[in-house]
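Inside the fold
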Amino acid sequence: MRKIFYVSRRANFSGYYILKQLIAQGVPLAGVILPEKRNPWERPLIGSLYKALYRLRCAYQNADPCKCLCSEEELARQASIPVHTVATMKSPSFIEWLKLQQPDVLFLGGGWPELIPSEVIETPKEGVFNTHPSLLPKFRGTSITRWQVLAGVDKSGSTIHKVDTHFDRGPIVAQKALDMPAKISPQELFCQLGLLGGEVVGQLFAETDNLDPAKLSMMPQEKVGKYHRQWQWTPSELRINWENDLQQIESFILANHQESNKYDGPWCILNGQSFIVREAKFNPEQTMSEEDSVRLIGDDIEIKRKGTKGFLTVSQIQVRDKLRPYRRALSPGNFDLQEPLELA
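Scoring rules and cut-offs
Residues numbered from 1 in each chain as written. Predicted model: local features only at pLDDT ≥ 70, side-chain atom pairs only at ≥ 80, totals over all residues. Heavy atoms only, no water. Helix = DSSP H or I, 4+ residues; strand = E, 2+ residues; numbered from the N terminus. Expected span 1.5 Å × (residues − 1). Buried < 20%, exposed > 50% of the residue type's maximum accessible area, 1.4 Å probe, protein only. Arc of directions from axis to C-beta. Contact = heavy atoms within 4.5 Å. Pairing = 2+ DSSP bridges. Phe/Tyr/Trp six-rings, centres within 6.5 Å; stacked < 30°, edge-to-face > 60°. Lys NZ or Arg CZ within 6 Å of the ring centre and 35° of its normal.

Turning our attention to helix α2 (residues 47–61). In a regular helix each residue adds 1.5 Å, so 15 residues correspond to 21 Å; α2 covers 21 Å between its end C-alpha atoms and thus fits that length. When we look at burial in α2, the residues that qualify are Gly47, Tyr54, Cys58 and Gln61. The buried residues of α2 all sit within an arc of 80° when viewed along its axis, so they share a single face. The exposed set on the far side of α2, more than 90 degrees from its buried face, consists of Ser48, Leu49, Leu56 and Ala59. In the core, the buried residues of α2 are packed alongside β14 (310–319). With its phi angle positive at about 60°, Asn62 sits one or two positions after the end of α2.

Now the structure itself:
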């Protein structure tokens, strides 16, 4: 029997849903390879408590509880699939272990936190395959759902490709598009792409008798798309540039959507005080604004730009100071904001 090993980061929407699909289809996996370090919610004694506290914190801070709390390890063990954990694939001990397994295929369902070394790529007889959350060759790299939200694309998708020594440049074996929903957060997009990835991988395995090389067709990536670096969380990268187009500002705020309001986020100076903007929405209009304005309308801030058909509504902000991890995000009307409002 051919030996297929499944590889994933931990707590990864794509890694979890694809593994779930392969198990449901009865694909005979020889093992699951995961990073060594467990997340707090994967630990037997404190996992349930951590999940409950996370949800309570999100409820208190008015945050979206969008963290992936799934466990690929638990899923594998429930299906009696052996689990092997490793700190790094670059370690001689892992490479030696992998060679002893004599794998036919390594299949990455939820990525891996480092560039896989050539010695690992060369070990499986039939190669290494990866699932990528975009329509390659577009959006190569990391933090890809954030970059797609920032760019405001109308289509995303899931791509299965063979791995070589360059990030996301190997030949494509399967791909399916997803119409990008409007106003979607990076986490929700990644969840939807994980579900789509499960569908694409399941169909690929079924149609090729579990990746039989004689039944695989590969399409080279003739164009090499731009490589996107890891998302940066420094204060300078997170500061909102109010000179940008209002729709660009909306995309920037949404692309920086966090799994908890204890983290820093897109910020600005409002009436001399530092705030994080947690929620904002661009509202199109038929007529152009005749002047620039920043006003408190009800509990929200309305921002208009001269010559723009529409306005930006800021509906949730959070004080940005040393107590930020414990502060709530609230509508602007809950703060003592005196007009005229000044943004910087």
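After that view of the structure, there is still more to cover.
Along helix α4 (residues 92–101), the residues classified as buried are Phe94, Ile95, Trp97 and Leu98. An end-on view of α4 places all buried positions within 160° of arc, on one side of the element. Exposed positions of α4 whose direction lies more than 90 degrees from the buried face are Pro92, Ser93, Glu96 and Leu100. Buried residues along α4 sit in contact with β1 (4–8), β2 (29–35), β3 (83–86), β4 (105–110) and α5 (118–121). The positive-phi residue at the C-terminal boundary of α4 is Gln102, with phi of around 50°.

Most of strand β7 (residues 155–162) sits inside the fold, with six of its eight residues counted as buried. Where strand β5 (residues 128–132) lies against β7, four bridges are found, and the strand directions are antiparallel. When the bridges of β7 are listed, Thr131 appears paired with Ile160. Looking at chain direction, β7 and strand β8 (residues 172–179) are connected through seven bridges and run antiparallel. Within β8, the residue paired with Ser158 across the bridge is Lys176.

A few words now on the packing of aromatic side chains. Tallied over the entire structure, the rule returns eleven aromatic pairs. With a centroid separation of 5.7 Å and an interplanar angle of 75°, the aromatic rings of Tyr16 and Tyr17 are classed as edge-to-face. On the basis of relative accessibility, which here comes to 17%, the residue Tyr16 falls in the buried class. Grouping aromatic residues by their ring pairs yields a cluster made of Phe13, Tyr16, Tyr17 and Phe190. The positively charged end of Arg320 is found above the aromatic ring belonging to Trp267, 4.3 Å away from the centroid. The positively charged end of Arg328 is found above the aromatic ring belonging to Tyr60, 5.1 Å away from the centroid.

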